[in-house]
Amino acid sequence: MPEIKLIIVGVDGSENSRIALHWAYGEATHHGASLTAVTAWHRPALFMAPPYGSLPPEGYETQPKDDALAMLERFTADLTPTTPAVDVRTSIAEGNPAKVLIERSKEADLLVVGARGREGFAGMLLGSVSQHIVAHAECPVVVVR
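A closer look at the packing of helix H3 (residues 97-104) against helix H4 (residues 128-136)
Where H3 meets H4, the axes come as close as 9 Å, and the angle between the chain directions of the two elements is 30 degrees. Judged by the angle between their axes, H3 and H4 are roughly parallel. Judged by the sense of rotation from one axis to the other, the crossing of H3 with H4 is right-handed. In contact with Pro97, Ala98, Leu101 and Ile102 of H3, H4 contributes Val129, His132, Ile133 and His136.

Here's what the structure looks like:
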């Protein structure tokens, strides 16, 4: 089995992603690996009203990015310190969550995601992001239920 040095976990603010983060943290502790929690964000759509549309609300450019970073900081702050300590980092990227995580899988030894995220539908075993990642990631993937 190849050595695991870097684990990347996708976090979207859902309870499933919190569980995946804690699982990945335990795995990083076990392997002596570093852990990077990644979330993707995007600018919200502006509603157009006739005849010229509307001005973006204050914070339009920075608020989604700031919210994503704050959520990651909250989630990682909940991790219980271990011995030896795990090097935990956070990373945010603008774009589609599946594409962001697949791109990051190129540098990872293991990619971890929750079975369903914020937009999961009841009854689905895997969310669309999880399914896409399992099919296209460039490293082993663990989907945590």
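Following the structure, the description resumes.
What to know about H3
Every buried residue of H3 is accounted for by Ala98, Val100, Leu101, Ile102 and Arg104. The N-terminus of H3 is capped by Asn96, whose side-chain oxygen sits 2.8 Å from the backbone nitrogen of Ala98.

Side note on the sheet that holds strand S3 (residues 88-94)
In space, the 5 strands of this open sheet follow the order S3-S2-S1-S4-S5, with parallel pairing throughout. Looking at the sheet topology across the chains shown, the edges are occupied by S3 and strand S5 (141-144). Strand-to-strand, the axes of this sheet are offset by a mean angle of 25 degrees, without reference to chain direction. Across 3 bridges, strand S1 (residues 6-10) lies against strand S4 (residues 110-114) in parallel orientation. In the sheet register, Ile7 faces S4, and the bridge partner there is Leu110. In the packing of helix H1 (residues 15-31) onto the sheet, the strands contacted are S1, strand S2 (34-41), S3, S4 and S5, and the crossing angle to S4 comes to about 150 degrees.

Regarding the nonpolar core
Ranked by size, the top nonpolar core spans 20 residues in total, and within it Ile7, Val9, Val11, Leu21, Leu35 and Val112 carry the most contacts. Broken down by secondary-structure element, the contributors of at least two residues to this core are S1, H1, S2, helix H2 (63-77) and S4. Per-element accounting of this core gives the leading share, 5 residues, to H1. What Val112 contacts, discounting residues up to four positions off in sequence, is Ile7, Ile8, Val9, Gly10, Ala20, Trp23, Ala24, Val142 and Val144. Listed in part, the 12 residues of the second largest apolar core include Val100, Leu101, Leu111 and Ala137.

Overview of unusual backbone geometry
Here the bond from Thr83 into Pro84 is cis, since omega is 0 degrees, no more than 30 degrees from zero. Topologically, Pro84 is positioned in the loop between H2 and S3.

Here's the deal with H2
The terminal C-alpha atoms of H2, which comprises 15 residues, lie 21 Å apart, in line with the 21 Å expected from a rise of 1.5 Å per residue. For H2, the set of buried residues is Pro64, Ala68, Met71, Leu72, Phe75 and Thr76. When H2 is viewed along its axis, its buried side chains cluster within an angular range of 125 degrees and face the same direction.

Remarks on the confidence of the model for the chain
Mean pLDDT over the chain stands at 87; residues scoring 70 or higher make up 80%. When the elements of the chain are averaged for pLDDT, H4 gives the smallest value, 92, and S1 the largest, 98. Contacts for the low-pLDDT stretch residues 120-125, under 50 throughout, to residues beyond four places or in other chains number 6 contacts.

Focus: the pattern of salt bridges
Inspection of the entire model under this criterion finds 5 salt bridges. Notably, a salt bridge pairs Asp87 with Arg89, separated by 3.0 Å at the nearest N-O pair. Residue Glu103 is joined to Lys106 by a salt bridge in which the shortest nitrogen-to-oxygen separation is 3.0 Å. A relative accessible area of 46% places Glu103 in the partly exposed class. Each of the salt bridges in this network shares a partner with another, and the network as a whole consists of Glu15, Arg18 and Asp78.

Definitions and limits used
Position labels on residues start from 1 in each chain and follow its written sequence. Whole-chain, interface and lining totals are the exception, using all residues; otherwise, since this is a predicted model, local features are given only for residues with pLDDT of at least 70 and side-chain atom pairs are given and counted only at 80 or more. As a convention, hydrogens and water are excluded, and side-chain values are obtained from all of the structure's heavy atoms. For helices, the fitted axis covers only the stretch in contact; all axes are lines through C-alpha atoms, and the angles between them, taken along N-to-C directions, range from 0 to 180 degrees. Here a helix means four or more residues in a row that DSSP labels H or I, a strand means two or more in a row labelled E, and each is numbered from the N terminus. An angle below 35 degrees is read as roughly parallel, one above 145 as roughly antiparallel, one from 65 to 115 as roughly perpendicular, and any other as oblique. In a left-handed crossing the near helix is turned counterclockwise from the far helix by less than a right angle, and in a right-handed crossing that turn is clockwise. A contact between two residues is defined here by any heavy atoms of the two lying within 4.5 Å. Relative accessibility decides the category of a residue: with a 1.4 Å probe and only protein chains considered, values under 20% of the type maximum give buried, values over 50% give exposed, and everything between is partly exposed. Whenever two N or O atoms come within 3.5 Å, that pair is a polar contact, provided that in protein one can donate a hydrogen and the other can accept it, and provided that, for residues adjacent in sequence, both atoms are side-chain atoms. Pairing between strands is defined by DSSP: at least two bridges between the two strands are required. Among buried residues, those of type Ala, Val, Leu, Ile, Met, Phe, Trp, Tyr and Cys that are joined through side-chain atoms within 4.5 Å constitute a nonpolar core. To estimate how far a helix should reach, multiply one less than its number of residues by 1.5 Å. For this quantity, the arc is that covered by the directions from the helix axis to the C-beta atoms. A score from 0 to 100, pLDDT tells how confident the predictor is in each residue. Criterion for a salt bridge: a side-chain nitrogen of Lys or Arg within 4 Å of a carboxyl oxygen of Asp or Glu.

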